[in-house]
Structure formats: structure tokens, C-alpha cells
Amino acid sequence: MAGLGVSGRAAARVLVDRGANVTIVDARDDEVQRDHAAKLEARGVRVRLGDGDSLPADTDLVVASPGWRPDTPLLAAAAAAGVGIYGEVELAWRLRGPGAAPWLALTGTNGKTTAVRMLTCILTAAGHKSIAVGNVGTPIVEAVLEDYDVLAVELSSYQLHWSSTVAPHAAAILNVAPDHLDWHGSLKAYAADKGKIFAPGTIAVVNADEEWPVRLAARAERVVEFTLGTPAPGQLGVVEDLLVDRAFVVDPVREATELAGLQDVRPFAPHNVANALAAAALARAYGVSAEAVREGLRAFRPDPHRIAHVATVGEVGYVDDSKATNPHAAAASLAAYGSVVWIAGGLLKGADVEDLVRSCSPRLRGAVLIGTDRAQIAAALARHAPNVPVVDVPDLDTGAMDVMDKVVVAAARLAVPGDTVLLAPAGASFDMFTSYGARGDAFAAAVRRLAESH
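Residues numbered from 1 in each chain as written. Predicted model: local features only at pLDDT ≥ 70, side-chain atom pairs only at ≥ 80, totals over all residues. Heavy atoms only, no water.

1. Concerning the packing of helix H5 (residues 112–125) against helix H12 (residues 290–299)
Short version of the rule: To get an axis, a line is fitted to the C-alpha atoms, and for a helix only the part in contact is used. The angle between two axes follows their N-to-C directions and goes from 0 to 180 degrees. Numbering of helices and strands runs from the N terminus, with a helix taken as a DSSP run of H or I at least four residues long and a strand as a DSSP run of E at least two residues long. Working rule for angles: under 35 degrees goes down as roughly parallel, over 145 as roughly antiparallel, 65 to 115 as roughly perpendicular, anything else as oblique. Rotating anticlockwise by less than a right angle from the far helix to the near helix defines a left-handed crossing, while the corresponding clockwise rotation defines a right-handed one. Here a residue-residue contact requires only that any non-hydrogen atoms of the pair lie within 4.5 Å.
H12 packs onto H5 with a crossing angle of 125 degrees between their chain directions and a minimal axis gap of 7 Å. Relative to H12, the element H5 lies oblique. Once H5 is placed against H12, the crossing between them reads as right-handed. Seen from H5, the contacting residues are Met 118, Cys 121, Ile 122 and Ala 125; seen from H12, they are Ala 292, Val 293, Glu 295, Gly 296, Leu 297 and Ala 299.

2. A word on unusual backbone geometry
Definition in use: Per-residue accessibility, obtained with a 1.4 Å probe over protein chains only, is compared with the maximum for each type, and a residue is labelled buried under 20%, exposed over 50%, and partly exposed between these values.
Arg 266 connects to Pro 267 through a cis peptide bond whose omega is -10 degrees. Checked against the element boundaries, Pro 267 lands in the loop between strand S13 (257–261) and helix H11 (270–285). Here the phi dihedral of Glu 240 falls at roughly 55 degrees; this positive angle occurs in a residue that is not glycine. Within the fold, Glu 240 resides in the loop between strand S11 (235–239) and strand S12 (242–245). Since its relative accessible area comes to 73%, Glu 240 is described here as exposed. With a phi close to 70 degrees, Ala 426 is a non-glycine residue in the positive phi region. In this structure, Ala 426 sits in the loop between strand S19 (420–423) and helix H17 (436–453).

3. Structural notes on the sheet that holds strand S6 (residues 130–134)
Note the threshold: Strand pairing requires that DSSP identify at least two bridges connecting the strands.
Spatial ordering of the open sheet is given by S6-S7-S5-S8-S9-S10-S11-S12-S13, a layout of nine strands whose pairing is mixed. The outermost strands of the open sheet, each flanked by one partner alone, are S6 and S13. Averaged over neighbouring strand pairs, the angle between their axes works out to 20 degrees when direction is ignored. On the sheet, H12 packs against S12 and S13 and is oriented at approximately 10 degrees with respect to S13.

4. Section: the pairing of strand S17 (residues 364–370)
Basically, it comes down to this: When the strands point away from the viewer and the path from the first strand over the helix to the second turns clockwise, the crossover is right-handed.
The buried fraction of S17 is high, at six of seven residues. Strand direction decides the pairing type here: strand S16 (residues 340–345) and S17, joined by six bridges, are parallel. Its bridge partner being in S17, Ala 344 is matched across the sheet by Leu 369. Taking the sense of rotation as the criterion, the β-α-β connection linking S16, helix H14 (residues 354–360) and S17 turns out right-handed. As judged from the three bridges shared by S17 and strand S18 (residues 390–392), these two strands associate in the parallel manner. Among the inter-strand pairings, Ala 367 is bridged to a residue of S18, identified as Val 390. Handedness of the crossover joining S17 and S18 through helix H15 (residues 374–384) is recorded here as right-handed.

This is the structure in C-alpha cells:
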């Protein structure tokens, strides 16, 4: 096992319970890792901390944790020695028994977790015993051994990279935009790993409004598209204020089925409507009724830090979308509002912000920049939005919470009634915060302090 993370620990438990000789290696050696190691060693797992590079002798199979790059020394050594390398997802697929629950899977640069949780709500509303697994929730290697009717599976590009035989009943690609290029090496390689979700025989559900999903489904046996426009035969889409299905009906040319209303999609934003359509298409591919789609979307509650309204202060709305950790996600978030004071910055992970800034510039009232790569965003703003006021908030020795107070105060000074102050950073949080959740919490706390001072 390469890695002592959540999926690595789960895979180790499952394998050792089936009689395998399991060794976990991890370069980290701290109190948390030693605690995990002690629990696994009590179950017969060998754990080697402080050395994640060398391949244990007599290894027959390596199960790679999602974050491990293919060029890490251990994985490179395994490949050179002809040792098979699985991810946890591939291992889970191969451990499935006769009559195992089918998978409804989805991937994309952004929106995966929201869409898979929507899908789970819809399946539950239809009376199916289901659970969200994969890149979210319960480790999939454990879920496949439980008694579920159908699994809603979120798959990352890392997980798909190490998968070779996974074949969902139906699978969706929401979108593909530059992300994790430091891991994959190029956008083409990243997209190719995403495309592995469309296995032979899988019903391919694609976002017709995005270039890459359509390209990646070119060889699929059956393709069902969704769009934010009026659906053509064979598509799901939007007609006035309704989500409509013209794919999973008897006569797609003459027939359309109402699935839900736009008011049933929460929080409402164009990209979230796309998420709902993708979830609906996967559920309909499994035979779920239109009534269950509506009921499931109504029951869905978004995870924190996803275009979450924090407060209205002085007729200005404050919205936390700290989960927008790349330019594509930030662009979708910005498109949901007409006049924005944008809080942005963090670790861009090699991503280019030129297109993002160019597209959102007409709706910017101002920008407040934080984090390691804020200068790149400032330079793009100077080129594409030279009249937009920009406030640079440097890192402070007093801590991230104090930084966020200064950020929110600066944003409030730029905003006028009717504006939205939007935290949609377009970058990862780890330069200043422990997670995007911690960043969003700091923003919300600063907004509440601002409200108390008014």
C-alpha cells in the first residue's frame, strides 16, 4: 500500500481481512501517522513510516493512494519491475462479488461532490439504498462489500488514472478545465484520465455546453447530453423555468418529461443547474422516475463553502465559495452575480488566470487579493480590467484570521448597495489556511464581525 491516508487504510483493512500480506509505506512519520499505524498493526498490517520511496521486497501488487504521482520512486520502481499498480477504486471494482451494486459515476474539474450528493438524494427518494462514495464519503473499497442497491461514485482524475477495468452502468463528465497539471503533466493527459470513466458499455452522460466532455465521449456506444439551453431530442435541458428530459422517454422527438423547476435547485446558479441535470441524467439512466428527481433535488442540502450566503450587511451580500479552488470554478461562481467585489488568491497550482479575469471583468466592482499568487491575479486585472480598483492584502505575522478581517473590511469599502462580496479564490488555500473549509470559516467569521460593527 502506497500511502497511509483514508483510502490506503481502508484498502489495507479489507485486504488483510481476506488473508493478504499487507505492508503500508508512507514518508510521513508523526503522531497522527503513528496512531494510524498502531491500529493497523494490531490487525496484522505491516507499516513502514518515514520511507515512502523504496518498494518492499516480494511485492506482488501496489495499491496507490490517489495523491501519489506516477513518477514517485516507489511507483516507478513497481512499474519497472512489472508489478501491477491499482488505485483503491480499481481494487474495489475487482473485489465486487456476484450481483454487486451497479455504479453511477461522475467526474469533472468542478461540481463533482455537489452532483454526486444530488444523485444520492435522488436515488434515495426513488427508494434505492444508496451512498456517495469514491472521492467523497465512505471509502469505496468498503462500500462495495456492503448491501447497497446502487452506488453514487465520485471519481477524481487521480483515481481514474489508476483504473483500468472499472465500468459504471452510467457515467458523467461535468467539465474539464486546467487543474492538477503539475500531477498529470498536461491538459491532454489530465483530460484523458477523466475520459477513462467512459468504459465500453457505459452510458456516457456529457455536458453539451463544454468542449472536452463531448470530445471524450466520441467513442461511447450511447451518449446522452445535458445543456443549460433548450434540449434537443436525446438531451436533458432547460425550458423556461423547468428542467426537462428528452432522452429517457419513449419518443425523444415528440415527447418531453418535466423533471423539476429551477426553484428546486439549491443554491441556484447556472453551474449548479448543470450539476442537477447531470445527476438527473444518471438517475434516469438507472430508471428513476421524474417524480423522484424532483423530490431528491428538493431534499438536497449543499455542503459548506459552495456559494453559501453568509449575510447581508448594508444591502451588500456576502457569499462564501471558498471551494472555488481553481479558475474554472471561480468563473462559474462569478457568473452567478451581476456586480461583484471579488476576493481572490491563494495557490494557483500553475493555472492561468488570464481567461478568467478577461471574462469576469465586466461584472467586477473591485477586487481584494490575498495569498502567495495574488500578484498573478493583480497583473491579469491590470491588463483586462484596468479601471477596477484592486486592494492587495499582504500576509500578516498575526495570522490568517487577522488577514481575513482586513480583507472583508476592504471589500466592504469597495462595495455599494446591491453588490455581492464573493470569496471565490481561484486558488488552493494551503499557503495560508489548513483547508478551503478553514478559509471559508475565516471569511464567514469576519463577515459576522463586520455585521456586528454596523
